[in-house]
Structures are given as C-alpha cells and as structure tokens.
Amino acid sequence: VLSLVLGGLAFAGGSYWRGLLPTEVPRVANVTKTAPFWEVAGKAGVSSIVLDAAQAWDREPVDNVRLLAGLGVPDARGGVQSFFIYTTDELWPHEPPHTRSTDTGSGGDKFRVYEQNGRIQSLIYGPRNHYEVDRLQQKLNALQAQKQDADPRSRAELGDRERELQAELEAAKGEEGRVTADLVVERQGDDAVAVTLGTETQVLKEGEWSDWYHLTFDLNPVVKVKAITRAKVISLNAPFELYVNTLEIDPAAAPFWQPISQPYEFAAELESEIGPYETIGWACMTMPFKDEVIDPVTFMEDIEFTMRWREKMLRASLERDDWRLLFSVLSTPDRVQHMMYQFYDEQHPMYDAATAGREMTFFGETITLQDAIPAIYRQVDRVVGEVMDEYLRPDDTLLICADHGFQSFRRGVNINNWLYENGYLAVKSNLGRNSTGGLAFVDWSRTKAYSLGLGMVYVNQAGREAGGIVAPDEVDELLSQIREDFVATVDPETGLSMGKDARIMRQIQSGPYADLSPDMMLGFDVGYRVSWRTTTGGMKLSKQDDGTYAPGGVFEDSNKNWSGDHVSVDPTLVQGMFFSNRKVAIPDEGVHVMHIAPTALAVLGVPVPAEYDKQPLAFE
C-alpha cells in the first residue's frame, strides 16, 4: 500500500512539474549551411578551443570542439541588442510599459520616470513569457475543439470565452507579456545614487559604470531566464538619466533552449575562470551610440571593457595545454571604425574639428576622438606582441587575419530610387507615406529589378518572383546593363563616381546553395554605401505640393554616428590584413580570407575538404 501511495504521489508530482514545461520555446535559429573548419578539425580528432566565433551558435556539438559562439547570439530577451534609458526629462512623455513610441531607433527603449523624495521606481522589461503564451494557446486549442462538438447555446457561451482567451494570448505575445524586474534609484547625498536592478544594489556617481548585475526572470516556478547587465549614470540632475545596457544571457546559466556554447557547459566553465562576460553576439554599444543616447566617450569606454574581457579569456585559454587549435576573435577594431570614422575623416559630413580633438582616457593612454581608430589598432598590436612573446613556442603557427577593411561612409545611396530613375523599377500610382518600406511601393507588373539588403540587386524574374516579368534568358543581359549604368553614375553634388564595380553572383559563385544569393552585388566607390532605408527594401519618397508622394532623391549625406563601413563597398577598397609568424609564399592573386581554413587544417594534418575554394598557403 505504501509503495502504491508513494508511486501515485511521484506520478502526480511528475505530472505537475512536467506541466510547467512549455511544449514549445522560442529559439533564435542559425541558418548557416556549411561547417566551419574547426568542426572539420574536431571530427578528425583535433582538440580545439574556439572563442567568439561568428554564426557558430545553434549547431550540433562536435567532439573535441569547445566553442563560445559570437556574432549572431541573441540577448536574453531573444532580440539583437536591447538597451534602456530611464530619464526624468519633462520633454520625454513616453512611460513604461514599452510601446513603439519609446523605441530609440535600433531596438532600445527610452522611458520617462518620476522622482519623488529622492526615489525613482520603475521596471526592467525582460523576455516574453513563452510559457504563458504556450499555456494560453493550449487552453484556446482545447476550447475551440470543445466548441466544435457543442450545441448552439453552449457554442455561443464558449465563443465569449474564446474571445477572452484570444485577447489574453495577444497580450501575452506583446510587450505586456514581458517578465519584469524591479528598478529602483535612491539618492545618496548630492553626488551619488544607489541603483537597484532586480535584487542587487550598487552605488554609482555621475559618469560611473556599475559592475555586473545578475537578474532572474521567472517564467514559472521551473522555467527561468537568467541575465546579466551593466548600468551607467549619464546624468544625476536636470534631468536624471540612467543607461542600462543589453540584458545578456548569463554565461553561467544559459537557457536550455538557447545554448551559447558547445558543449553547453563550456560557457559556464569560462565564466568560472574569468568571471562574467558579454555573451550578446554583437558586443559593443554601437546601436546606443548610433541612436545618440550615449556619447562617444561612453562608447569607447565600453570598447575597452569588451576588449579587456576578451583578452582575459584569450590568455586563460593560452594557459591551457589541452588544445591544438585555438581560434579567437577580437572584433573591437570593426566596431570602433563603424562609429568613429566621423572624427577620423576630415571629409566626412559630420566631421567637427573641436569634437574630434576631445580628449579621453583609453587603456590608460590619453587620446583624442580623432585618434580612436589608430588607438584600437595599437591595442590589438599589443595583444599580438604579448601572445608572441609570452606564449608562442618555436614550432607553433600563428595566423592573424581580418575578413575586411574599412572606408568612410560619407554618402548614402537609395538604390531603389536609382533603379527607378534608370527605368529598372516602376512604382505604384497611389504612393503614400506608408509606402516607403518593404518594397510596398513597387509596381511588379512593370519592374525589372529591385534592391533589398546590403547593396544587393534582384531581378524580377518570371517563374521565380510572384510577379516576375523578366525571362530567364534575359537576366544576364539585364544585369550587365545595370552594372554598366551603376559604374557610370556620378553624384551630382560631389562630382564623384558612386560605383566602382558590380558582380553578377552566378558568375562568381556555384554550389548547392547558390540559389540563395542575390543576382548582383553592388560595389560602391570610396565614401559611398547603400542607404539605411534600402537595406530593408525601402525607397525615399517626397511629399508633393498637392499632398501626393513621389520618389525622392538618390543621394544623401551620411548623418548618423554609424560613419564608417565595409558592407556594399567594393571589395578591392576594403581588403583585410594578413599576418603569419612563419614566412609564407604569397599567391599571385594575394592572400584571401578563404585561404585561412585550408591552411589551418593543413598545419594540423587534417585533409582539406574538396569543396574548399582555396588551397592551403605554402610555408617557406
């Protein structure tokens, strides 16, 4: 009898706890098709450590590979880079909870808060409660099934309950469905505040960064999301302003449905060695600076913070003797150049000599903002030198490369407007102010080509696009004409050529996934880049005197802090660098980033896969 009772209790308890687990969880997936070279090495028995690797999350673990994923990893809210500004500014009317009006432009939220008797109380908005969404969806499904078999009177009653459940479900899926943590700010005299996020409190002065905060968002008694973040008091008075950085997945306890390393426990292993670290795939506060909610000094402070923990992680890995391949990414030079070219390039439309001369401390060195780009390269050079001096053994091979270089982003080009002006794209007759994005302006019955993404052009091909009009045998001729017109176009304001070259993708790419590529990739000349609106399939529209809308201009000054770039710039103008501690026979065409994988495998004695485009570099 006792065993039956205990068995029944165990069954009931198990059923209860199982009921707290959702049937589905939202997961940011990785659509990368091909295997990175460290997986090839791992399958060949090579022990590897891979740090901050791009497009490496959400992949099946491979034996012998310990990997921390980098670019592409979401934040703890399942987004790209959330951040928050809490301000007492009377001119900012938007209060929590989140609405579209609080969006700073790149995924951040700015909230109006109120101070009473030296105290501010608000909320931090964490992940949506997918458990609650799942629970309500199951209830709605069951009710709808019950409704089908019910008599007319019962069906009407069930219909009322169905509408209630649908409303609850929509709320749970929206911003109201986010799980929250407390935010409290209390004055500590005239020069400091105690900032509480969740259950942890730190005392901060104006301009001072906090240490890590650890937050727990309870979806239910079993399912939790653990996050870490940092905060900085931007202004103590007139108005008060607090910046709370991205809610990042806690490396010590990543969600079981969104691992950030392989094996799963490797992220926590690293955390135990060096302490908490950033896990968001796009570390560094480019978006807050782009949205002008932080200043360049705050941005550079964050750059130093990111590089210091990455250097610490690299050193901890170099100290180990249980690997043959160590791959580490230091992406801070990329982030600095994206944001600080406006201070480096005196021809940039946002350049201001006085601001460029502003001084700050960076890695213990006094620099000006104009010196930020050279300064970050000096720090990378320092790390390389220390690795060579302190860790490199006589028979070791060190390869360093960048996948691209940089140019100043002075002028943006609205490609869909350019296609319209050159007769390749037609627009609808009833354009409105809501027709600017998502190719909503296109008249597909008369359009030959359109643009979407980072300088990509697609043919409106018959049999492929839903409203395609260009016959397949006419595609290459059309693309050749677009390329010719692109290179010949001159910016009337500067007198400079906007295009250096354009590549027809089917002529340079092949393989099983070639159909996923665009038809053409534009290569802009120095100073030019695809406009922001074009990346989302947009077109610049201008309001006419009669209240109607028509396509606007092709060119515009770059007026955002995102002032340097490489995307859509002709590859010959943004070549990356290559370095080796061993003398290399340089191929006639030069070293290409695709030489790195076969070279690393060859050094390790691993056969190079037949599908690789390049042969290993030869060491002399």
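Residues numbered from 1 in each chain as written. Predicted model: local features only at pLDDT ≥ 70, side-chain atom pairs only at ≥ 80, totals over all residues. Heavy atoms only, no water.

Undergrad: Sorry, what's going on with the pattern of salt bridges here?
TA: Side-chain pairs of opposite charge can arise where the charged atoms are in close proximity. Per the stated rule, a full pass over the model turns up 45 salt bridges. A salt bridge links Arg-27 to Asp-58; the shortest N-O distance between them is 2.5 Å. Remark: Asp-58 occurs in the loop between strand S1 (48–53) and strand S2 (65–69) and Arg-27 occurs in the loop between helix H1 (2–19) and helix H2 (37–43); sequence separation between them is 31 residues. Looking at Asp-58, the relative accessible area reads 29%, which means it is partly exposed. Linking Glu-175 and Arg-178 is a salt bridge whose minimum nitrogen-to-oxygen distance equals 2.6 Å. Taking the relative accessible area as the measure of exposure, Arg-178 reaches 10% and is therefore buried. (Salt bridge = Lys/Arg side-chain N within 4 Å of Asp/Glu carboxyl O. Helix = DSSP H or I, 4+ residues; strand = E, 2+ residues; numbered from the N terminus. Buried < 20%, exposed > 50% of the residue type's maximum accessible area, 1.4 Å probe, protein only.)

Undergrad: What exactly am I supposed to notice about the state of the cysteines here?
TA: In protein structure, a disulfide is the covalent linkage between the sulfur atoms of two cysteines. Evaluated as defined, the whole model comprises zero disulfides. Lacking any disulfide linkage, Cys-284 is separated from the closest cysteine sulfur, that of Cys-401, by 18 Å. (Disulfide = S-S within 2.5 Å.)

Undergrad: What is the right way to look at the nonpolar core in this model?
TA: In a soluble, globular protein the nonpolar side chains are often hidden away together inside. If you look at the biggest cluster of nonpolar residues, it comprises 67 residues, and the most contacted ones within it are Trp-38, Tyr-86, Ile-124, Leu-197, Phe-217 and Leu-242. If sequence neighbours within four positions are ignored, Phe-217 has contacts with Ile-124, Gly-126, Pro-127, Val-179, Thr-180, Ala-181, Val-223, Lys-224, Val-225, Ala-227 and Leu-247. Phe-299, Met-339, Phe-362 and Tyr-391 belong to the second largest nonpolar core, which has 40 residues in total. (Core = buried A, V, L, I, M, F, W, Y, C linked by side-chain atoms within 4.5 Å. Contact = heavy atoms within 4.5 Å.)

Undergrad: I tried to follow unusual backbone geometry on my own but got confused; where do I start?
TA: Negative phi characterises most residues that are not glycine, and trans characterises most peptide bonds. Put simply, Pro-96 and Pro-97 share a cis peptide bond, and its omega is 5°. Note on placement: Pro-97 falls in the loop between strand S3 (84–87) and strand S4 (109–112). Cis geometry marks the peptide bond from Gln-262 to Pro-263, where omega comes out at -5°. Mapped onto the elements of the fold, Pro-263 is located in the loop between strand S15 (261–262) and helix H5 (266–274). Within the chain, Asn-64 stands out as a residue other than glycine whose phi angle is a positive 80°. Tracing the chain through its elements places Asn-64 in the loop between S1 and S2.

Undergrad: Looking at this structure, I do not really get the packing of aromatic side chains. What am I missing?
TA: Both the distance between ring centres and the angle between the ring planes are used here to describe each pair of aromatic rings. Per the counting criterion, the structure on display carries 22 aromatic pairs. Taken together, the ring pairs connect Phe-84, Tyr-86, Phe-111 and Tyr-125 into an aromatic cluster. Positioned above the aromatic ring of Trp-209, the side-chain terminus of Arg-230 is 4.2 Å from the ring centre. Positioned above the aromatic ring of Trp-282 is the side chain of Arg-335, whose terminal nitrogen or guanidinium carbon lies 3.7 Å from the ring centre. (Phe/Tyr/Trp six-rings, centres within 6.5 Å; stacked < 30°, edge-to-face > 60°. Lys NZ or Arg CZ within 6 Å of the ring centre and 35° of its normal.)

Undergrad: Honestly, the packing of helix H8 (residues 332–344) against helix H10 (residues 372–390) in this entry has me stumped. Any pointers?
TA: When two helices pack together, their arrangement is given by the angle between the helix axes and the distance between those axes. H10 packs onto H8 with a crossing angle of 155° between their chain directions and a minimal axis gap of 8 Å. In terms of their interaxial angle, H8 and H10 are classed as roughly antiparallel. Touching Thr-332, Pro-333, Val-336, Gln-337, Met-340, Tyr-341 and Tyr-344 of H8 are Ala-372, Ile-373, Pro-374, Ile-376, Tyr-377 and Val-380, all from H10. When the residues that make up the contact of H8 with H10 are grouped by side-chain class, the tally is 11 nonpolar, two polar and no charged. (Axes fitted to C-alpha atoms, helices over the stretch in contact; angles between N-to-C directions. Parallel < 35°, antiparallel > 145°, perpendicular 65-115°, else oblique. Nonpolar A, V, L, I, M, F, W, Y, C, P; charged D, E, K, R; others polar.)

Undergrad: For this particular structure, what's the right way to read the sheet that holds strand S14 (residues 248–249)?
TA: In a beta sheet, neighbouring strands pair by backbone hydrogen bonds and run either parallel or antiparallel. Strand order in this open sheet of three strands is S10-S11-S14, and the pairing throughout is antiparallel. Where the open sheet ends on each side, the last strands, each with one partner, are strand S10 (213–218) and S14. Pairing between S10 and strand S11 (residues 224–229): six bridges, direction antiparallel. Residue pairing in the sheet places Thr-216 in a bridge with Lys-226 of S11. (Pairing = 2+ DSSP bridges.)

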